[in-house]
Amino acid sequence: MVERRKPIPVTEAVNRVMTHAKPKESEWVTLEACDGRVLAQEIKADHDVPPFDRSPYDGFAIKSADTWGGSKDTPITLDIIEAIGAGDVALQKLASGQAIRIMTGAQLPLGADAIIMLELVKEQLTNGTPQIVIKREVTLGDNISRQGEDTKKGTVLIEKGDAITPGVKAILATFGYAKVEVVKQPRVGVLATGSELLDPDQALVPGKIRNSNAYMVMSQLKKAGAIPINLGKLADNLELSFKAVKEALDEVDVLITTGGVSVGDFDFLPVIYERLGATVLFNKIAMRPGSVTTVASLGGKILFGLSGNPSACFVGFELYAAPYLQALQGKTKKYMQRTKARLAADFPKPNPFTRFVRSRVEFEDGMVKARPVGLDKSNVVTSLAWANALTVLPGGTRGYREGDLVDLLMLDGEGSGEFDLENLSNRRVQK
Ligand code: AMP
Ligand code: MG
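Rules behind the numbers
Residues numbered from 1 in each chain as written. Chains lettered and ligands numbered in written order. Predicted model: local features only at pLDDT ≥ 70, side-chain atom pairs only at ≥ 80, totals over all residues. Heavy atoms only, no water. Buried < 20%, exposed > 50% of the residue type's maximum accessible area, 1.4 Å probe, protein only. Helix = DSSP H or I, 4+ residues; strand = E, 2+ residues; numbered from the N terminus. Arc of directions from axis to C-beta. Contact = heavy atoms within 4.5 Å. Core = buried A, V, L, I, M, F, W, Y, C linked by side-chain atoms within 4.5 Å. Pairing = 2+ DSSP bridges. Axes fitted to C-alpha atoms, helices over the stretch in contact; angles between N-to-C directions.

Digging into helix α2 (residues 166-174)
Turning to step 1, where the next piece is worked out: Every buried residue of α2 is listed here: Val 168, Lys 169 and Leu 172. Projected onto a plane normal to the axis of α2, the buried residues spread over an arc of 100° and lie on a single side.
Turning to step 2, where the next piece is worked out: The elements touched by buried residues of α2 are β2 (43-44), β9 (156-158) and β10 (179-183).
Turning to step 3, where the next piece is worked out: Positioned one or two residues after α2, Gly 176 has a phi angle of 80°, which is positive.

Structure below.
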């Protein structure tokens, strides 16, 4: 008799997985190698930025009072006593009647209280003395980039648990982090099950298909900051599969299998979990696609049993494996970012379970819209390439129409610290 499985809500399933997520220890990596990693330390400004008053333009450092009364008719003349570029410090202190030629980024000379841009002065030589002529008044403090105007010493700039983006990297370099403390990345094994599977370099033969899931999942793993380990593919043979899963668990922090979690004659994962003595956290979720997604735990390690159907495999990974793996890395924003948009097309199917429609969020007709892409079936592979979001249609709703406001989970978003799909305000707009 086929086992009857009781579906649990998506949020409940996510929470069950996340209770097992304990951040890994930290390690120090070089600034060059830290992209995308999660900070294990907060980053605090240990000096002002900029660290000294400086010139934001190429120009002349002057005493503003020298220009008072200056105009077209009564031009002011100042002697140029020195020239400094970025990185130089003026040797002389500016006195009244003098100017120092200064380039962008150079420290403001002592005695100067304003900068006048190169374009606003005329240069001349009088008896061998270089001079500038100014035909206007300059206000005290003009064109000075002040010490600490960007950031004050002591400010916390980046929190522990934030990912290192290009902008964060600039901050790390600014404050002298040649090495940075980040959380270790989990090593995740990927095993694709199915006697029908061929490698990408194999020619198609009747009855077989190429293994796309393993490559897709390894790519998703990289995006989630984990280290993917391709453990190959397995024919649907219980003994061999059991051995492969057991051995794989010794090698990795987390194991992902694809296929074989349903109730078919060759779906061996449920038996394998039982034989291993693993605790199954759930094996049926009220969602489409991917209702058979199964998660089990054994000796502190989590086994994700994703569906073999590519779309279901993809969605199962994003909903359950991605946040778990990011939590292992101590990341705060570990869930998909949620937003709202209007549907760009009708979606007539009813939704007995919460449905995650592969969608493309685009700017159309002056607003952001979500367009379902490709065929909405769990066994579809091509639509995944066009999707940049999942439209969430709550269980128990009927079809949706173009223009309805729907909830979206962004696949390429910044992430979110929260996840709760149980009370979506998402509803149909009657036309
Ligand atoms: P299963 O979950 O094993 O019942 O597989 C469900 C469907 O997904 C079947 O049509 C499989 O042929 C297909 N499938 C399973 N594994 C993969 C894979 N690694 N790549 C692409 N399709 C797969
Ligand atoms: Mg199979």
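Picking up where we left off.
Quick look at the nonpolar core
Turning to step 1, where the next piece is worked out: Ranked by size, the top nonpolar core spans 53 residues in total, and within it Phe 304 and Tyr 320 carry the most contacts.
Turning to step 2, where the next piece is worked out: Of all the secondary structure elements, the ones that give two or more residues to this core are α1 (10-18), β11 (187-193), α3 (213-223), β15 (254-258), β16 (279-282), β19 (301-306), α6 (310-328) and β23 (389-393).
Turning to step 3, where the next piece is worked out: For this core, the leading source of residues is α6, giving twelve residues.
Turning to step 4, where the next piece is worked out: Look past the residues within four positions of Tyr 320 in its chain and what remains in contact with it is Val 10, Ala 13, Val 14, Val 17, Phe 282, Ile 285, Met 287, Thr 293 and Phe 304.
Turning to step 5, where the next piece is worked out: Ranked by size, the runner-up nonpolar core spans 21 residues in total, among them Leu 276, Val 292, Ala 296 and Leu 303.

Side note on the sheet that holds strand β4 (residues 76-84)
Turning to step 1, where the next piece is worked out: What the six strands build is an open sheet, ordered β6-β3-β5-β4-β8-β7; its pairing is mixed. The two strands at the open ends of the sheet, each matched to only one other strand, are β6 (114-117) and β7 (121-126). The sheet shows a mean angle of 40° between the axes of neighbouring strands, direction not considered.
Turning to step 2, where the next piece is worked out: In the sheet, β7 pairs with strand β8 (residues 129-134) via six bridges, with the strands oriented antiparallel.

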